[in-house]
Every structure is written in structure tokens, then in C-alpha cells.
Amino acid sequence: MSLRDLNLKQQIRVSFIYKIAAILISFLVVRFMLEYLGTERYGIWSVILTFINFILFFDLGIVNGVKNKVSVSLSKDDQHEAREYVSTGYGTLILGVSIVYLLFLTISSSIDWQAVFNTTLLENPTLNMIVLVSLFFILVNFVLSVVIALYNATQNASLIVLNQLLSQSISLLLIYSLIIYTSATILYIAFAYGLSLVLSNIVLSLYFYKKHGALIPSMSTFKRDKVGGIFTLGLKFFILQLTFFIILSTDKMLIAHLLGATHVTSYDILFKYFSVITIIHGIINTPLWSMYTEAYEKNDFEWIEKRLFKMVRLMIAYIGLAAIMYFLAPDIIRLWLGDVDLGLSASNYLYMIVFFLVLSWYSIFAYFSNGIGKTKVQLITAVLGA
């Protein structure tokens, strides 16, 4: 067994431990958040997050561009070049998010947020403040999340899952405190959500750079000639991100406008329940992105072919898991959330299962093509899908 396979097994094993804990805590977070906000406010918060995440797709794929460039540099054992890509990535992102936030500050007060989120439950100034707070934390986190790309590039993807566990744990603690000490306010949830993301990424960044001092970013290693390389590759990832945002996230906006915020909650709960399929798939699939990059750079095509075949065979296990989740869904959701009437039917469960199985199948080949930077076919299919 190759060192790459041994590392993959280690990453998957550790990731499963962290992820199981993270999933359990995230389910508690949803329950407490639903208890704190109520069905309609929870739906509004879910749509606000969708809107904020849409803005974040305008990074032009810089983080994924950095991940691939650093992976290639490290496969050549060129740490100096890798550090230049790290510094350039951070510098470009800081400039980009600063411009985005300043522009948003300028126009946000003139936007009719009640119309955007299809609600009269909250006043427009309150919604504006919630969006501004959420966007600030998410943009700061966006810069800090470069470290996620670096963990992937150094083939330590299990620590990304540890980051999710840490973030969910902080979020759970903060939301539980809100339930005890405050009344239901989405603005407080926005602060709690933002702080949990930022604090967990700060901890992860400190740990990474303690172990990888040679990659610590600095102004002296920011190279303008590297920006073009990151952007050229990143633009392809940006288009892919944008199309998948349309496929994955516009549902909530459509539901909010066609059916109301309460129905967004039903959809979101069902989405989170069956997302366990792609979460498990992601634990196995995510470390492979940078491993495909390394193997491709070293012409190890036999390893790539064997790994892709094993990933395809795993779909049988996902189908079995989906069947079990389908039959247990009403009981698990009742145990999870209590006697909350979400108005879900058996067909709702079935359609969501099909959605997540198709997504898992697609991502097997998407991660491979992304890892080697050959995205032409994926770009065409993703645009058609969107």
C-alpha cells in the first residue's frame, strides 16, 4: 500500500470521529435555534444565510485556486513558491473582501430587505443590520478560511473536519446561552454564528502555521505575477461555484417567495437530515482533491484509476444508507425536533434522497477534474444544470 493510501485511510478514520461528533452537535444547534427563533424566524435566518453565501461566491474561486497552486508547488517540494501563493492568496482576498464590504455598506440601507426576504415580521433597518453583521463575520472568516485550502493542499483534510466540530461546539454554547439570557432575536444569532466561524478558523490557523512555519504569509512574499495564475484557475472554480449555488441554494429563495418563510424551515430540516449522505461521502472524497493533484503531477495514473473505481463502488453503500434513512425519517425527525409539524410527506423524503445520491455521484468525478485542473466538461454540464 502506498504512502498516499495510508495517509488517505488515516484522514478518513480521524475525519469520521470528528464528523460524527460535529453532526450530533449540529443537530442540537438546529433544535436549539428552532426553539429560540420559532419556525418563521428560523426560516428568515435560513434565507438570510443563503443570500450572504451568494455574495461570498464572488471570490472568483481564489481559495480553490490557491489550493491547487500550493498542491502543485508542494508536489515539486518547492516551499518558497508555495509560500508566495499563500501570501498572494491572502493579500488578494483581503483587498477583495474590503471592497465588497465598503460597497455593501454604501448601498445596503437603500435596499428593501422586507421584499428581498418576503417578510414583514422584522423592520427594514433591523434586517439591514442583521445582513451587515452576518456579512462582516463571513467575509472575515472567508479570508481566514484560506487555511482550509492549505490543510487540503498538505493532505491533512481531517483537521478541516475538526474545524467544523470546533465551530459547531462554539455555536452550540453561544446559542444555548442566548436561550437562557435573551429573548428571540435574529441579530444575536448572527453574532453567535459569525463568532463561531471566526474563532474556530483562528485556532486552526495558529495550529497550522505552528507546524508549517515555512508557509507563513508575509508582505515580502506577495507576488503580483502570481495573481494571474491564481485568477486564471480560480475563475473556472468561480463559475462552478456560481452554478452550484444556483442549483443548491436558490431553492430557499424560491420557497420563501412562493410559499413563505415557514416552508423554508421544512425544506431546510429535510435538507440537513439527508445531507448526512453527502457528509459521509465528503469525508472520503474531500482528501482526494489534492491527492489527485499530486498523483497527476507525478504521472501516477494507475492510482487515480483504482481510486475512482473504489469511489464508484461506494455508491452501493450510499443507496443502502439512503433506504435506511428513508424508513426511519419520521421517527428520527420527531426525536430530533420534538412534535414540530413540518408538513413533510414520503415523496418529500424520496425526492431529497434522489437529489443527494445524484450529487454524490457527480462529486466523485468533479473532485478528480478539479484536482487536475481539467474543468471544461464540468463547466459545460454545471452551467446546463444551473
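Residues numbered from 1 in each chain as written. Predicted model: local features only at pLDDT ≥ 70, side-chain atom pairs only at ≥ 80, totals over all residues. Heavy atoms only, no water.

### Quick look at helix α16 (residues 376-385)
- Burial in α16 covers these residues: Q378, L379 and A382. Across the axial projection of α16, the buried residues extend over an arc of 100 degrees, all falling on one side. More than 90 degrees from the buried face of α16, the exposed residues found are K376, V377 and L384. (Buried < 20%, exposed > 50% of the residue type's maximum accessible area, 1.4 Å probe, protein only. Helix = DSSP H or I, 4+ residues; strand = E, 2+ residues; numbered from the N terminus. Arc of directions from axis to C-beta.)

### As for a positive patch on the surface
- There is a patch of like positive charges on the surface, built from K9, R13, K310 and R313.
- For the positive patch, the elements supplying multiple residues, two or more each, are α1 (3-56) and α13 (301-313).
- Relative to the elements of secondary structure, R13 occurs in helix α1.
- Judged by its relative accessible area of 48%, R13 is partly exposed. (Patch = residues over 30% accessible without salt bridge, like charges linked within 9 Å, V, L, I, M, F, W, Y side chains within 5 Å. Areas by Shrake-Rupley, 256 points an atom, 1.4 Å probe, with all protein chains shown as cover. Salt bridge = Lys/Arg side-chain N within 4 Å of Asp/Glu carboxyl O. Lys, Arg positive; Asp, Glu negative; His and termini not counted. Charge placed at Lys NZ, Arg CZ, Asp CG, Glu CD.)

### Topic: the packing of aromatic side chains
- Following the criterion strictly, the structure yields 23 aromatic pairs and no others.
- On the numbers, 4.4 Å between centres and 20 degrees between planes, the contact of F27 with W336 is stacked. In this pair, F27 sits in helix α1 while W336 sits in helix α14 (residues 315-337), placing the two residues 309 residues apart along the sequence.
- Seen in terms of ring centroids, Y326 and F327 are 5.2 Å apart; in terms of plane orientation they differ by 80 degrees. Their pairing is edge-to-face.
- Judged by its relative accessible area of 65%, F327 is exposed.
- Members of the aromatic cluster, joined through ring pairs, are Y273, F274, Y326, F327 and Y349. (Phe/Tyr/Trp six-rings, centres within 6.5 Å; stacked < 30°, edge-to-face > 60°.)

### Some points on the environment of A157
- Relative to the elements of secondary structure, A157 occurs in the loop between α6 (146-153) and α7 (158-181).
- Owing to a relative accessible area of 6%, A157 belongs among the buried residues under this scheme.
- The spacing of A157 and K374 is 217 residues in sequence and 22 Å in space, taken between C-alpha atoms.

### Observations concerning the environment of P125
- If you trace the backbone, P125 turns up in helix α5 (residues 124-144).
- Judged by relative accessible area, which is 61%, P125 ranks as exposed.
- Along the primary structure P125 and I111 are separated by 14 residues, whereas in three dimensions their C-alpha atoms are 9.8 Å apart.

### Considering the confidence of the model for the chain
- Confidence along the chain averages 85 in pLDDT terms, with 96% of residues attaining 70 or more.
- By mean pLDDT, helix α9 (residues 224-258) is the weakest element of the chain at 77, and α13 is the strongest at 93. (pLDDT = per-residue confidence, 0-100.)

### Quick word on the packing of helix α10 (residues 261-274) against helix α11 (residues 276-285)
- Remark: α10 packs on α11, axes separated minimally by 4 Å, with the N-to-C direction vectors making an angle of 40 degrees. Side by side, α10 and α11 meet where K272, Y273 and F274 of the first sit next to V276, I277 and T278 of the second.
- Of the residues that constitute the contact of α10 with α11, the class distribution is 4 nonpolar, 1 polar and 1 charged. (Axes fitted to C-alpha atoms, helices over the stretch in contact; angles between N-to-C directions. Contact = heavy atoms within 4.5 Å. Nonpolar A, V, L, I, M, F, W, Y, C, P; charged D, E, K, R; others polar.)

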